[in-house]
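Report on the structure
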Amino acid sequence: MKRLKQIMLLFIIILFSGCLNEKEIPKIEKIDKMEYKETTKNYKYNIVIPQILNVQSEDISYFNLSLQENARLIIEELLEISEGAEDLSTSYEAKMNYEVKENDFGIISIVVKTSIYTGGAHGNTNLETYNIGKKDLKLINFESFFNENAKSYFEMKINDMIENKEKVYNINGDEVAFYEDVEINLDRAGIYFEGENINFIFPLYEIAPYSSGIPVFKFNKEEVKKYMK
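Below you will find a few notes about this structure.

Analysis parameters
- Residues numbered from 1 in each chain as written.
- Predicted model: local features only at pLDDT ≥ 70, side-chain atom pairs only at ≥ 80, totals over all residues.
- Heavy atoms only, no water.
- Pairing = 2+ DSSP bridges.
- Helix = DSSP H or I, 4+ residues; strand = E, 2+ residues; numbered from the N terminus.
- Axes fitted to C-alpha atoms, helices over the stretch in contact; angles between N-to-C directions.
- Contact = heavy atoms within 4.5 Å.
- Phe/Tyr/Trp six-rings, centres within 6.5 Å; stacked < 30°, edge-to-face > 60°.
- Buried < 20%, exposed > 50% of the residue type's maximum accessible area, 1.4 Å probe, protein only.
- Polar contact = N/O pair within 3.5 Å; in protein donor to acceptor, adjacent residues only side chain to side chain.

Glancing now at the sheet that holds strand β1 (residues 32-39). The strand order across the open sheet built from 5 strands is β1-β2-β3-β4-β5, with neighbouring strands paired in mixed fashion. A single partner strand is all that each edge strand has here, and the edge strands are β1 and β5 (124-133). Adjacent strand axes in the sheet meet at a mean angle of 15°, parallel and antiparallel pairs treated alike. Where β1 lies against strand β2 (residues 43-51), 8 bridges are found, and the strand directions are antiparallel. Bridge pairing links Glu 38 to Tyr 45 in β2. Sheet strands touched by helix α2 (residues 58-83): β1, β2, β3 (92-101), β4 (107-117) and β5. Its angle to β2, the strand with the most contacts, is close to 175°.

Dropping the structure here:
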């Protein structure tokens, strides 16, 4: 009987410890949004940013505040440009929105798209990526996810894809035509996770003309798992 009581006590301690561990790191239940919107004669903006409000951590706070600051700077710049504009017939515009990419990596992967038009033939579009581990609520970057051999591997593979004229598509699904003699620098790339793939994106004009859009290079996790930490 004494042995049975000891086993039951041990079971309760283990169960209680498990409950404590679960409470230590809460789960991200949803991605909330914050919206800034205004339309006038000379400008308009519609800024929608992701916010994680149901949990607290240093990285989550940094994520929330960084996006709020980005939104503020975009709006301030748009207003400043429109106020000093000589051509009042031009409507200056800023848009920001985001997409949460479902994946098999245990990572919340968010792609934020910003489009700004301040005159000329076309506006400028930029993508920023944010990746948060579901278990530890920490922001993930290339160095924290991959080992020391990964950078040279991916740069070599992407360079080979371009040199061998393999089909590469942009974020809209259109085929990309690259500049001649491109040299890939992965420090300029964004990374996000979608399905079973790790995706790298490069800014407009970085390795292809504006007409080709933003290229996406996809790698299946089975192909590159030896480079993952």
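What follows picks up the thread again.
This part covers the packing of aromatic side chains. In the structure shown here, the tally under the stated rule is 18 aromatic pairs. Aromatic side chains Phe 178 and Phe 217 sit 5.9 Å apart centroid to centroid with 25° between the ring planes, which places their arrangement in the stacked category. Here Phe 178 is found in the loop between β6 (169-170) and β7 (190-194), whereas its partner Phe 217 is found in strand β9 (residues 215-220), with 39 residues between them in sequence. Phe 217 matches Phe 178 in its accessibility class, with the two residues each being buried. Ring geometry for Phe 200 versus Phe 219: centroids 5.9 Å apart, planes at 75°, classification edge-to-face. Placement of Phe 200 in strand β8 (residues 197-201) and of Phe 219 in strand β9 is noted, with a sequence separation of 19 residues between them.

Our next topic: the side chain of Asn 170. Along the chain, the position of Asn 170 falls in strand β6. By relative accessible area, Asn 170 is classed as buried at 8%. Polar side-chain contacts of Asn 170 include one of 2.8 Å to the backbone nitrogen of Asn 172. Apart from the residues within four sequence positions on either side, Asn 170 is in contact with Val 176, Ser 212, Gly 213, Ile 214, Pro 215 and Val 216.

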